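Inside the fold
Below, each chain spelled out in residue letters.
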Number of protein chains: 2
Amino acid sequence: MSRSNPRVVSVLERAGGFASAQEVYRLMQREGESIGLTTVYRSLQSLVNDKIVDVLRREDGEAIYRLCGDTHHHHHLVCKSCGDTVEIEGGAIEKWAKTMAQEFGFRDVGHTAEIFGLCPKC
Amino acid sequence: MSRSNPRVVSVLERAGGFASAQEVYRLMQREGESIGLTTVYRSLQSLVNDKIVDVLRREDGEAIYRLCGDTHHHHHLVCKSCGDTVEIEGGAIEKWAKTMAQEFGFRDVGHTAEIFGLCPKC
DNA sequence: ATGGAAATGAAAATCATTTTCATTTGTGCT
DNA sequence: AGCACAAATGAAAATGATTTTCATTTCCAT
Ligand SMILES: [Zn+2]
Ligand SMILES: [Zn+2]
Ligand SMILES: [Zn+2]
Ligand SMILES: [Zn+2]
């Protein structure tokens, strides 16, 4: 069931930042790669399952994907103009989440935390 | 342009936790309230603009809304079973975001940070 | 009462994502 | 090579949330 299509991985590598399924599809088309949109969706989903790719949501709700260097839990500093992304540690967040959960008696907790802004180049 | 429909506000008040536009609509129908789905969407949007309502995204991308007690910047501790929500301060997060942005030269930054888990009752 | 602005909602349009299903491709076996 | 069967592919249709259009209704000030 390994649908981690290497051609999709390659596009994500070159993209660098986060990209939506539709964008990945358009990119591949522009480069003359023949692929179906369905396959792009399936490949991305598979990569997310394998924790090779991270997925976030744009403000409008569209899912965006990124091939991350670290397969362990981490957070992101994303440029909202060019999409450039830095993977960052969330030490303070992990602690904060744990503390808050404890304080209010919540169990089995997870969290999300991302930072959006303009990178030095933009 | 104040489309902050009081009937929609009332439903959100009773709902307590986060609810999607479709859910708000269904709730009002069940209670015999006559309202159009379009109006529900417009009212929620207006409430978000006025910072009276917070909006998050479910994992599937659907937008969910909540009438929050504090109109200032804050974060949430959400029960993924019953939807019960606690508004929490993010002192540590604010600092973390600022520090990270500075370290990598990002300007004009914002952030998201929410905690999901099971509340004491669930 | 009258006129114009704002609000409303039904229906259509949009758009990302998923599902269906027929076809193609890959792999091991003879 | 020839065959069988599983996995992968993709076009087209279906789904579902959200937005847009546009005609009608409700409000308000004069
Ligand atoms: Zn990442
Ligand atoms: Zn974390
Ligand atoms: Zn809130
Ligand atoms: Zn914050």
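Everything in this summary refers to the structure shown in the same document. Quick caveat: nothing in here was measured; it's all calculated off a predicted structure. Sequence order as written defines residue numbering, which begins from 1 separately in each chain. All chains are assigned letters beginning with A, and all ligands numbers beginning with 1, in the order in which they are written. In keeping with the model being predicted, local features are shown solely for residues with a pLDDT of at least 70 and side-chain atom pairs are shown and tallied solely at 80 or more, while totals for entire chains, interfaces and linings include all residues. Hydrogen atoms and water are omitted, and side-chain values are computed over all heavy atoms in the structure.

**Digging into the protein's contact with DNA strand C**
As a reminder of what qualifies: Whether a residue is near a molecule or strand depends on its heavy atoms: it is near if one of them lies within 4 Å of it. The term polar contact refers here to a pair of N or O atoms within 3.5 Å; inside protein, the definition further demands a hydrogen-donor-capable atom paired with an acceptor-capable atom, and it admits residues adjacent in sequence only when both atoms are side-chain atoms. Secondary structure elements follow DSSP: runs of H or I no shorter than four residues count as helices, runs of E no shorter than two count as strands, and numbering proceeds from the N terminus.
Lining the immediate surroundings of DNA strand C are 16 residues, of which A:Tyr41, A:Ala63, B:Gly36, B:Thr39 and B:Arg42 lie closest. Taken together, the sugar and phosphate atoms account for 61% of what DNA strand C places within 4 Å of the protein. Here a phosphate oxygen of DNA strand C and a side-chain polar atom of A:Tyr41 are 2.7 Å apart. Separating a base nitrogen of DNA strand C from a side-chain N or O atom of B:Arg42 is a distance of 2.5 Å. Among the elements of the structure, α3 (37–49) of chain A together with α3 (37–49) of chain B are those that each provide at least two residues to the surface near DNA strand C. With four residues, α3(A) is the largest single contributor of residues to the surface near DNA strand C.

**Describing unusual backbone geometry**
Working note: non-glycine residues mostly have negative phi, and peptide bonds are mostly trans. Residues and elements named next belong to chain A. Our working definition: Only protein chains enter the accessibility calculation, which uses a 1.4 Å probe; a residue is then buried when its area is under 20% of its type maximum, exposed when over 50%, and partly exposed in between.
Despite not being glycine, Asp-108 has its phi angle at roughly 55 degrees, a positive value. Tracing the backbone through its elements, the reader meets Asp-108 in strand β6 (residues 107–118). By relative accessible area, Asp-108 is classed as exposed at 54%.

**As for the sheet that holds strand β3 (residues 63–67) of chain A**
Paired through their backbone hydrogen bonds, the strands of a sheet run either parallel or antiparallel. Residues and elements named next belong to chain A. Note the following rule: Whether two strands pair comes down to DSSP finding at least two bridges between them.
If you trace the three strands from one edge of the open sheet to the other, you get β1-β3-β2, paired in antiparallel fashion. Both edges of this open sheet fall to β1 (19–20) and β2 (53–57), since each of them pairs with a single strand only. Taken together, the two bridges between β1 and β3 define a ladder with antiparallel strand orientation. Bridge pairing in β3 links Ala-19 to Tyr-65.

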